[in-house]
Amino acid sequence: MIRDEDITQALVETVARYVRERLVPLEHQVADEDRIPPEVVQEMREMGLFGLTIPEAHGGLGLTMEEEVRVLLELGKTSPAFRSVIGTTVGIGSQGIVFDGTPEQQAQWLPKLASGEMIASFALTEPGAGSDAASLRTTAIKDGDHYVVNGTKRYITNAPQAGLFTLMARTDPAIKGAGGVSAFIVDAKSPGISLGLPDRKMGQRGAHTCDVIFENVRVPAANLIGGKEGQGFKMAMRVLDKGRIHIAAICVAVAQRLLADSLAYAAERQQFGQAIGDFQLIQAMLADSKTEIYAAECMVMDAARRRDSGRPVATEAACCKLFASEMCGRVADRAVQIFGGAGYMAEYGIERFYRDVRLFRLYEGTSQIMQTLIGRNLMREVRNS
Ligand code: COS
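Keep in mind the model is a prediction, meaning the values are calculated, not measured.

## Side note on the site of the ligand
Consideration 1: Every one of the 20 residues lining the ligand counts as a neighbour, but S131, K234, D241, R244 and R376 are closest to it.
Consideration 2: G365 has a polar backbone atom sitting 3.1 Å from an oxygen atom of the ligand.
Consideration 3: Between the ligand and R376, the relevant distance is 2.5 Å, taken from an oxygen atom to a side-chain nitrogen or oxygen of the residue.
Consideration 4: A total of 1000 Å² of accessible area belongs to the ligand in isolation, and the protein chains cover 66% of it.
Consideration 5: Listed by contribution, the elements that provide at least two residues to the shell around the ligand are α8 (232-268) and α13 (367-384).
Consideration 6: For the shell around the ligand, the element with the highest residue contribution is α8, accounting for seven residues.
Consideration 7: Among the residues forming the shell around the ligand, the class breakdown is ten nonpolar, four polar and six charged.
Consideration 8: Split by domain, the residues of the shell around the ligand number at least three in each of domain 2 (120-230) and domain 3 (234-384).

Quick look at the structure:
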């Protein structure tokens, strides 16, 4: 749903220009230094990018899913590390509070997130609980008007910069599965929280992940999201449904960037006395990439509109994430192929994208979990019909 086409278009064009003129020229520097320049983070704050999905009542832009996708289709046309700066705050780190937070929780935390004063991280994954998220072992045991949290969270994006964690922990250790899990807002400055060393990753340099260790961390009971125990897993799943449409939109945008770079190279690079783009075997690769990008874009738009209209999207979000992330991997592979030897060399940046996009098939649910989810939902529907 687009509420006002002119306003949306103005925002989309502002982001597109910012990406083109400011972020793309910084891509090599960010990869070399493994950091986003602080002035860029400040510019993103001033543009309101941290508040894209926070309701207007709390200082954000309150974008609909379709509007968010339109912005992401531009923001994603550069190194994914830039998206990551705002990604957890506009996405999985904040949306649990937006969906289920009490009015007091929303009023206390969301304005700081919307302004970018505070970064939110999503703390679900653990050393022993990745795809099987419901098996998480971090505990939050009630003690008077607090919960005492113990456990370790793994690969937490933006943890080194986080001001708050949306934490999933087991409030009832007697319930082994999803029903024993609750969600909390945890102030990152709470005593007892420590961070592991920054993870050394295959790609996405400039975006940081690490372990977060909770040792007898006292979290006020008032920070139990929604004020009700046992709802944390379902909340996390709803947050991930939305997050998967978000990631799929980024996959489309990165793939569009890679196709544009491939086309520019194919038009300019001469071999056998002509531009390589005039050879049909190169054109076949370009055509396959274009076709798949178009298909993924249509899927993402459709899922976004479905979500905006209030229809369930768990299956469609998984379809988008599965198809768009796998598609992006294929497009990146073809880009390396079209660039030939240059595609393998760091100075052209294509090999960097090839490594960066590998993560899309893993985080916020692997492709295999997406297949499992889609298949299971289809079987449930047919049995219930
Ligand atoms: N929306 C609302 N509720 C949902 C839901 C959704 N999308 N998905 C599941 N639930 C509910 C179920 O209805 C069920 O509720 P009841 O117990 O009341 O019936 C409960 O949550 C448990 O669901 P389920 O039985 O499906 O849980 P499973 O343990 O089988 O796990 C998968 C399901 C594998 C799909 C889930 O663990 C998953 O998504 N794993 C990947 C995690 C992930 O993406 N990790 C990335 C880390 S974050 S970067």
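## Let's talk about the domain arrangement of the chain
Consideration 1: According to the domain assignment, the chain consists of domain 1 (5-115), domain 2 (120-230) and domain 3 (234-384).
Consideration 2: For the pair domain 1 and domain 3, the summed buried surface comes to about 2500 Å²; carbon and sulfur atoms form 65% of the total.
Consideration 3: Taken together, domain 1 and domain 3 are joined by five salt bridges.
Consideration 4: On the surface where domain 1 and domain 3 come into contact, there are 15 residue pairs in polar contact (both at pLDDT 80 or more).
Consideration 5: For the side of domain 1 that touches domain 3, the secondary-structure elements that each account for two or more residues are α2 (27-33), α4 (65-75), α5 (80-90) and α6 (95-100).
Consideration 6: At seven residues, the largest contribution of residues to the side of domain 1 that touches domain 3 is made by α4.
Consideration 7: Residues belonging to the side of domain 1 that touches domain 3 are distributed by class as follows: ten nonpolar, eight polar and seven charged.

## Let's talk about the pattern of salt bridges
Consideration 1: Scanning all chains against the criterion turns up 20 salt bridges.
Consideration 2: Residue D143 is joined to R218 by a salt bridge in which the shortest nitrogen-to-oxygen separation is 2.9 Å. Of this pair, D143 sits in strand β2 (residues 139-143) while R218 sits in strand β7 (residues 209-220), and the two are 75 residues apart along the sequence.
Consideration 3: Measuring nitrogen to oxygen at the nearest pair gives 3.0 Å for the salt bridge that ties R257 to D261. Of this pair, R257 and D261 both sit in helix α8, four residues apart, which is roughly one turn of the helix.
Consideration 4: You can call R257 buried: its relative accessible area is 13%.
Consideration 5: Classification of D261 by relative accessible area gives partly exposed; the value is 22%.
Consideration 6: The network of salt bridges with shared partners includes E27, R257, D261 and R352.

## Focus on α5
Consideration 1: Most of α5 sits out of view: eleven of its eleven residues are buried.
Consideration 2: Of the positions making up α5, those classed as buried are P80, A81, F82, R83, S84, V85, I86, G87, T88, T89 and V90.

Rules of the game
Residues numbered from 1 in each chain as written. Predicted model: local features only at pLDDT ≥ 70, side-chain atom pairs only at ≥ 80, totals over all residues. Heavy atoms only, no water. Near = heavy atom within 4 Å. Polar contact = N/O pair within 3.5 Å; in protein donor to acceptor, adjacent residues only side chain to side chain. Areas by Shrake-Rupley, 256 points an atom, 1.4 Å probe, with all protein chains shown as cover. Helix = DSSP H or I, 4+ residues; strand = E, 2+ residues; numbered from the N terminus. Nonpolar A, V, L, I, M, F, W, Y, C, P; charged D, E, K, R; others polar. Domains from an automatic or database assignment. Buried area = accessible area lost by both parts, 1.4 Å probe. Salt bridge = Lys/Arg side-chain N within 4 Å of Asp/Glu carboxyl O. Buried < 20%, exposed > 50% of the residue type's maximum accessible area, 1.4 Å probe, protein only.

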